[in-house]
Amino acid sequence: MNIIEKIIDTELEYIKCFSNFYDEGYKIRFSDDLIPDMYSHNLTYLKQPISVRNFSDVVEEEIRKAKENGINFLNLQFDFKIDELNDCIKHQNCEVTIYDYYQFQIEQLDKLNARHDCYIKKLTNEQVDKALKFDIGVNGEDLGKSFIKRRFERRSKVYLSEGLVDSYLCYFDGNIIGHCDLFLNDNVAKIEDFDVAHEMQRKGFGTAIFKEMVRIARGHGADIIYLITDSDDTAKDMYKKCGMIKVGEKTELTFSF
């Protein structure tokens, strides 16, 4: 497999840590009964390019199945271009989001200037309550405290299990000021859920967290390290400064009904 194929394979393995999955050949349907309203745990992934006509048929079928299961959305993701996509969805209530795959250039590691007055620890049972409080403080206003609590409780079951996704907390002056997830898949590492407290942003903590994630990933034999960001995300500037380059795109369609 080439680099982008390894990254896509890792993406799918990452989702499997949180969701049940049903591989139907040209698509994979992911679902999570514990938190069915979370888009990133409940989605359909198209594995290979299809025609416009077949694409429209897939959308209709997936929407029908979602409604049968009492779900009011469809999250559809794919890593290829579809001609006339806007025409395919123009009669649907659909939000289109383009995500960028960014890969870290390993040779840039020694050039990362990170502050040394913070420290990073892997999440343990003893830290769960404080980690939840931090997550609510950072994301509760945008996503709602109730949802953040349910999301954290669901995901922490995975974080605290061996061999799945690890979550790391960044401490400064004894307080949690950032967190980040790390997923290892053979020689590929995915960095995910990267958050720094609003008042601590643009002070070098993000770079410190990022460098530590790279160091840990390298220690486990990873030579491909990547993350995904919304193409409109201002954090891309930091990622570029940290030595990351864009290597691909993913399209996400969210249908509401």
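What you see is a predicted model; the values in this text were computed from it and never measured.

Caption draft 1: Geometry of the pairing of strand S7 (residues 165-172). When you tally the buried positions in S7, you get eight out of eight residues, the bulk of the element. Burial along S7 is two-sided: the residues Val 165, Ser 167, Leu 169 and Tyr 171 and Asp 166, Tyr 168, Cys 170 and Phe 172 are all buried. Pairing geometry for strand S6 (residues 119-122) and S7, over four bridges, is antiparallel. When the bridges of S7 are listed, Lys 122 appears paired with Tyr 168. Two strands pair when backbone bridges link them, and S7 and strand S8 (residues 175-185) are joined in this way by eight bridges, in the antiparallel orientation. Bridging from a neighbouring strand, Tyr 171 pairs with Ile 176 of S8. Once S7 ends, the chain turns through two residues before running back antiparallel as S8, passing Asp 173 with a positive phi of about 55°.

Caption draft 2: Spotlight on the packing of aromatic side chains. One pass over the structure, following the stated rule, counts eleven aromatic pairs. Their ring planes at 75° and their centres at 5.4 Å tell us that Phe 104 and Phe 210 sit as a pair that is edge-to-face. Here Phe 104, found in strand S5 (residues 94-104), pairs with Phe 210, found in helix H6 (residues 205-219); they are 106 residues apart in sequence, far enough to count as distant. Neither Phe 104 nor Phe 210 differs from the other in exposure class; each is buried. Three or more aromatic residues joined by ring pairs make a cluster, and in this case those are Tyr 14, Phe 18 and Phe 183. If you follow Lys 190 out to its NZ or CZ, it ends over the ring of Tyr 14, 4.9 Å from the centre.

Caption draft 3: Quick look at the layout of surface pockets. The calculated volume of the second largest pocket comes to roughly 330 Å³. Lining the second largest pocket are 18 residues, with Arg 29, Phe 30, Ser 31, Asn 69 and Ile 71 positioned closest to its centre. Counting only elements with at least two residues in the lining of the second largest pocket, the list comes to strand S2 (27-31), strand S3 (43-46), helix H2 (52-68) and strand S4 (73-78). Among the residues forming the lining of the second largest pocket, the class breakdown is eight nonpolar, five polar and five charged.

Caption draft 4: Representation of the packing of helix H4 (residues 128-143) against helix H5 (residues 145-159) within the structure. Here H4 crosses H5 at 140°, and the two axes come no closer than 8 Å. When the axis of H4 is compared with that of H5, the two are oblique. Read as a crossing pair, H4 and H5 show a hand that is right-handed. For the pair H4 and H5, contact is made by Val 128, Ala 131, Leu 132, Asp 135, Ile 136, Asn 139, Gly 140 and Leu 143 and by Lys 145, Phe 147, Ile 148, Lys 149, Arg 151 and Phe 152, respectively. Classifying every residue of the contact of H4 with H5 gives eight nonpolar, two polar and four charged.

Caption draft 5: Structural detail: the sheet that holds S6. The eleven strands are arranged S1-S2-S3-S4-S11-S5-S10-S9-S8-S7-S6 in an open sheet whose pairing can be described as mixed. In this open sheet, the two edge strands, each paired with only one partner strand, are strand S1 (20-23) and S6. Neighbour-to-neighbour, the strand axes of this sheet turn through a mean angle of 25°, independent of strand direction. The pairing of S5 with strand S11 (residues 244-256) spans eleven bridges and is antiparallel. Opposite Glu 95, over in S11, you have Thr 254 as the bridge partner.

Caption draft 6: Structural context of the environment of Cys 242. The topology assignment puts Cys 242 in the loop between helix H7 (236-241) and S11. Between the C-alpha atoms of Cys 242 and Phe 210, which are 32 residues apart in sequence, the distance is 8.2 Å. If sequence neighbours within four positions are ignored, Cys 242 has contacts with Phe 104, Gln 108, Leu 112, Thr 207 and Phe 210.

Caption draft 7: Expanded view of the environment of Leu 253. Checked against the element boundaries, Leu 253 lands in strand S11. Along the backbone, Leu 253 and Leu 76 are 177 residues apart, and their C-alpha atoms lie at a distance of 5.1 Å. Beyond its immediate sequence surroundings of up to four residues, Leu 253 is in contact with Phe 55, Leu 74, Asn 75, Leu 76, Phe 78, Leu 85, Ile 89, Cys 94, Glu 95 and Val 96.

What counts as what
- Residues numbered from 1 in each chain as written.
- Predicted model: local features only at pLDDT ≥ 70, side-chain atom pairs only at ≥ 80, totals over all residues.
- Heavy atoms only, no water.
- Buried < 20%, exposed > 50% of the residue type's maximum accessible area, 1.4 Å probe, protein only.
- Helix = DSSP H or I, 4+ residues; strand = E, 2+ residues; numbered from the N terminus.
- Pairing = 2+ DSSP bridges.
- Phe/Tyr/Trp six-rings, centres within 6.5 Å; stacked < 30°, edge-to-face > 60°.
- Lys NZ or Arg CZ within 6 Å of the ring centre and 35° of its normal.
- 1 Å grid on protein atoms, 1.4 Å probe; cavity = no way out; pocket = protein on both sides within 12 Å on 5 of 7 lines; lining within 4 Å.
- Points joined across faces, edges and corners; volume = space filled by probe spheres on them.
- Nonpolar A, V, L, I, M, F, W, Y, C, P; charged D, E, K, R; others polar.
- Axes fitted to C-alpha atoms, helices over the stretch in contact; angles between N-to-C directions.
- Parallel < 35°, antiparallel > 145°, perpendicular 65-115°, else oblique.
- Left-handed = near helix turned anticlockwise from the far one by under 90°.
- Contact = heavy atoms within 4.5 Å.

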